[in-house]
Amino acid sequence: MKIRVSPRGAARLLAHHPWVYKSDVLEGPDKPGLYPVHSGKGVLGLALYNPASEITVRVFSFKDAGRPQEVLLDNLRKALARRKPAIAQESSGAYRLVHAEGDLLPALVLDYYAGHGVLQVGSAALEPLTEALVEVIQAELPLQSLLAKNDQKSRSLEGLPLYIKPLLGQVPASVMVREGAVQYRVDLMEGQKTGAFIDQRDNRIRLGAFRGQTALDVFSYHGSFALHLAQGFERVFAVDSSAAALQRALENAQLNGLDNITCKEVNAFEFLREEEKRGSRYDLIVLDPPAFAKGKRDVERAYAAYKEINLRAMKLLPGGGILATASCSHHLSEPLFYQMLAEAAADAHRTVRVLEKRGQGWDHPVLLNVPETHYLKFALLEVI
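Residues numbered from 1 in each chain as written. Predicted model: local features only at pLDDT ≥ 70, side-chain atom pairs only at ≥ 80, totals over all residues. Heavy atoms only, no water.

**Student:** Just to check I follow, could you spell out the environment of Leu355 for this structure?
**Tutor:** Topologically, Leu355 is positioned in strand S19 (residues 352–359). As a C-alpha pair, Leu355 and Glu382 span 27 residues in sequence and 6.6 Å in three-dimensional space. The residues contacting Leu355, other than those within four sequence positions of it, are Ile322, Leu380, Leu381 and Glu382. (Helix = DSSP H or I, 4+ residues; strand = E, 2+ residues; numbered from the N terminus. Contact = heavy atoms within 4.5 Å.)

Pasting the structure below:
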């Protein structure tokens, strides 16, 4: 059985973008599975296929070589091999072991937390292979436990049920993770995503090098940036609208013997406006908001929201103050992100220097052919 795509679908695959949408699939099997993809130009690759999904074809190999399942599992072995040196160096850390399309493993995410794994499967074609995936994972990188955290809403688009269940070992209530100079507790079952936001790990460690009197961590969640800032600042304020998240932030501060973090449960937009009215000043501000743009239709609204918080933050910084600002919205491209920052600086009447352009961690690889794999923008800026 095979999949046949239109000339437009073939052009996407020839450019090595792995997705073909339903409108460009001319022929295919009735059921999800792993199949070769054809066009008038011959075989274009091997793909996950689901006729019920809007993204019907997700290619995991642009070659017609080998049995599809074996090729897929070999991609998994290669992804794990790329992370093994980091784990060998710091086994108590947190890393992304599989980054979906970034590792030529569409719809598959696997995160590592100090010896424990969390797996997310997002394709109906991949779901029946869960047992085979687990066998490869355990053979290549033995884990103390492995949790299937298949509760992401996108699974519904694939016609898949939502569930969380152990796949290997006994999943602990929480795991202690070391990150640079700090450690924090991760709730694998109840935490957002797979438990924590690993993609910002290197950026958080980078901020641990800064020094000053006062720092502000906005959209703090579990205080991950605040923990690193507290190493070099006399006072750190962690702001979030979730009382439960801030409670975890305080617990993490206690774990690290830190008594210089103050948590504030408040709406971030309102807080920044009120701080500006009060004439408050901070030596360093972190803005790490959730994705304001979930889709293309949200970009205009999201752009305005990002500009608002960055403009307010710039007004709270003195000369020499540092703004560490991020966007995890793929649909807000990097050029748009820096355009927004430039407009915020102009409207704030501040001169702003770019110190560093950063992004997601090395274990969240970006494919140049697949813009969707580059989602996290992170800028270190200095107000002059």
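Here the narrative resumes.
**Student:** Can you walk me through the environment of Ala324 in this structure?
**Tutor:** Topologically, Ala324 is positioned in strand S18 (residues 322–327). Accessibility expressed as a relative area gives 0% for Ala324, which makes it buried. Taking the C-alpha atoms as reference points, Ala324 and Asp288, 36 residues apart in sequence, are found 8.3 Å from one another. Every residue in contact with Ala324, bar those within four places of it in the chain, is listed here: Leu207, Ile285, Val286, Leu287, Phe378, Ala379 and Leu380. (Buried < 20%, exposed > 50% of the residue type's maximum accessible area, 1.4 Å probe, protein only.)

**Student:** Even after reading the chapter, I still don't get the pattern of salt bridges, so can you show me in this structure?
**Tutor:** Any two side chains of opposite charge can pair, on the condition that their charged atoms come close. Within the structure shown, the criterion is met by 26 salt bridges. Of the charged contacts, one joins Arg8 and Asp24 as a salt bridge, the two residues approaching to 3.0 Å between their closest N and O atoms. On the criterion of sequence distance, the pair formed by Arg8 in helix H1 (residues 7–14) and Asp24 in the loop between strand S2 (19–21) and strand S3 (25–27) is long-range, its members being 16 residues apart. We note a salt bridge from Asp103 to Arg82, for which the minimum N-O separation is 2.8 Å. One end of the pair, Asp103, is in the loop between strand S7 (94–99) and strand S8 (108–113); the other, Arg82, is in helix H2 (residues 68–89), with 21 residues separating them in the sequence. Judged by relative accessible area, Asp103 falls into the buried class, the value being 4%. In this structure Arg82 comes out as partly exposed when scored by relative accessible area, which is 45%. One salt-bridge network, held together by shared partners, links Arg273, Glu276, Glu308, Arg312 and Lys315. (Salt bridge = Lys/Arg side-chain N within 4 Å of Asp/Glu carboxyl O.)

**Student:** Please clarify how the packing of helix H9 (residues 299–315) against helix H10 (residues 334–347) should be interpreted in this entry.
**Tutor:** Helix packing for two helices is described by the angle between their axes and how far apart those axes are. Where H9 contacts H10, the axes come no closer than 8 Å and their chain directions differ by 45°. Judged on the interaxial angle alone, H10 and H9 are oblique. Relative to H10, the crossing made by H9 is right-handed. Between H9 and H10, the residues in contact are Val299, Tyr303, Tyr306, Lys307, Asn310, Leu311, Met314 and Lys315 and Leu336, Gln339, Met340, Leu341, Glu343, Ala344, Ala345 and Asp347, respectively. Residue composition of the contact of H9 with H10, grouped by class: 10 nonpolar, 2 polar and 4 charged. (Axes fitted to C-alpha atoms, helices over the stretch in contact; angles between N-to-C directions. Parallel < 35°, antiparallel > 145°, perpendicular 65-115°, else oblique. Left-handed = near helix turned anticlockwise from the far one by under 90°. Nonpolar A, V, L, I, M, F, W, Y, C, P; charged D, E, K, R; others polar.)

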